[in-house]
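# Structure assessment
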Amino acid sequence: MAKRQIAMVLDLNKCIGCQTCTIACKKLWNTDTGTGYAYWNNVETLPGAGYPKEWSGSGGRTSDGEVKRGQIPTLDGEYGRAWSFNHDKVFFRSGDGGEKKPWLRPDRKAQWGANWDEDLGAGEYPQENHYFYLPRLCNHCTHPACLDACPRAAIEKREEDGIVLVDQDRCNGYRFCVEACPYKKVYFDPQRQVTTKCIFCLPRVEEGVAPACARQCPGRLRFVGYLDDEEAPIWKLVHKYGVALPLHPEFGLEPNVYYVPPMSPEKLDSEGRPTGESRIPMDYLVSLFGSRVKDAVKILEDEREKRKSGNPSELMDLLIAYDWNESFALESNRKEVI
Ligand code: SF4
Ligand code: SF4
Ligand code: SF4
């Protein structure tokens, strides 16, 4: 068990699906050619199949706490191999000698890839169509299945902050961790024969600097801090107000990445009038965040009404994030600006 636990809260009401976080992480940490397909941070459109495709729940723990073996996603299936586009033809060679300008096309027939089902969502247009974005990274779980599945003891949960790391000198590339993680947030590098995953930007955090995915987010929806710091937004959102919830608590790993659930616009009737019914079905949110999401949405709605009618609401002020630096409570550098 870690003595302290670092955590992240993401307010899904503010994510615009821009993928800045995805690219910030990828460019900073994960440029090896063997893991070109792998995104330690990715952003999915929900409802949707996500990345890797239909990732949810393969592995995890039994009700007795034993690690369950799951599937290893494949490059030709659930991850999808990257493709490129015919930019050269379209932008530089088209039109020569009266030739018809070609459309921009992938260079091969692809079946799946990261962000494949972006903005598709669900529900009949225009009365009940809906979608929202779900950014995902390793949850640095309190009971990490990846760690217990590794026969080489190559995965560590740090005592001082609860960050889960793979020791690549010890890793033999068996991929038991990939099987066991029900969030599919460990990735195999076939060239180096080791697995890789989010390091919670450890070198930055040790300097009191927020992780790149949080720091670069233009939506300013990510909060970072320690779960026991009662002064910090993380503690207030998770414990005081109970509006930040872990993804799939039923997997039994106690994730330390939390989400403020999305508030839904109303469905319309055939005349285009609001019906008072949520577009995002509550059952769907329960399937993601557990039954506590009902209370969380009610608290958010009540506090929003309070604030709209001119009354103070600490919760709404926190979520608006007036002072962005206060979103990152890394103690050694509360005034962090980079
Ligand atoms: Fe391990 Fe991260 Fe998966 Fe949890 S989410 S099991 S810590 S890889
Ligand atoms: Fe990547 Fe750092 Fe965010 Fe982890 S915390 S997903 S390593 S940017
Ligand atoms: Fe959402 Fe922020 Fe990531 Fe953009 S950078 S996709 S707003 S979490």
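Whatever comes next refers back to the structure up there.
To start, this report covers the structure provided alongside it.

Conventions we followed
Residues numbered from 1 in each chain as written. Chains lettered and ligands numbered in written order. Predicted model: local features only at pLDDT ≥ 70, side-chain atom pairs only at ≥ 80, totals over all residues. Heavy atoms only, no water. Axes fitted to C-alpha atoms, helices over the stretch in contact; angles between N-to-C directions. Helix = DSSP H or I, 4+ residues; strand = E, 2+ residues; numbered from the N terminus. Left-handed = near helix turned anticlockwise from the far one by under 90°. Contact = heavy atoms within 4.5 Å. Nonpolar A, V, L, I, M, F, W, Y, C, P; charged D, E, K, R; others polar. Near = heavy atom within 4 Å. Core = buried A, V, L, I, M, F, W, Y, C linked by side-chain atoms within 4.5 Å. Buried < 20%, exposed > 50% of the residue type's maximum accessible area, 1.4 Å probe, protein only. Salt bridge = Lys/Arg side-chain N within 4 Å of Asp/Glu carboxyl O.

## Considerations on the packing of helix H9 (residues 282-289) against helix H10 (residues 292-308)
- Where H9 contacts H10, the axes come no closer than 8 Å and their chain directions differ by 115 degrees. Where H9 crosses over H10, the handedness of that crossing is right-handed. Contacts from Met282, Leu285, Val286 and Phe289 of H9 reach H10 at Val293, Lys294 and Val297.
- The residue makeup of the contact of H9 with H10, split by class, is 6 nonpolar, no polar and 1 charged.

## Overview of the site of ligand 3
- With respect to spatial proximity, 14 residues lie near ligand 3, and among them Cys15, Cys18, Gln19, Cys21 and Cys217 are the closest.
- Within the shell around ligand 3, the residues separate by chemical class into 9 nonpolar, 4 polar and 1 charged.

## Structural notes on the site of ligand 1
- The local shell around ligand 1 holds 13 residues, among which Cys138, Cys141, Cys146, Cys181 and Val186 are the closest.
- A class-by-class count of the residues in the shell around ligand 1 yields 10 nonpolar, 2 polar and 1 charged.

## Regarding the nonpolar core
- In this structure, Met8, Tyr183, Leu247, Tyr259 and Phe289 are the most contacted members of the largest nonpolar core, which totals 68 residues.
- Counting 18 residues, the second largest nonpolar core, distinct from the first, contains Phe223, Val238, Tyr258 and Leu319.

## Let's talk about the pattern of salt bridges
- Tallying each qualifying case throughout the model produces 20 salt bridges.
- The partner of Asp32 in a salt bridge is Arg192, and the shortest N-O contact between them spans 3.2 Å. Taken together, the residues span a long stretch of sequence, with Asp32 in the loop between helix H1 (20-29) and strand S2 (42-46) and Arg192 in the loop between strand S6 (187-189) and strand S7 (194-196) at a distance of 160 residues.
- Here Asp32 falls in the partly exposed class, since its relative accessible area comes to 35%.
- Taking the relative accessible area as the measure of exposure, Arg192 reaches 38% and is therefore partly exposed.
- Of the charged contacts in the structure, one is a salt bridge between Asp161 and Arg158, with a shortest N-O distance of 2.8 Å.
- Several salt bridges share partner residues, and in doing so they unite Arg158, Glu160, Asp161 and Glu206 into one network.

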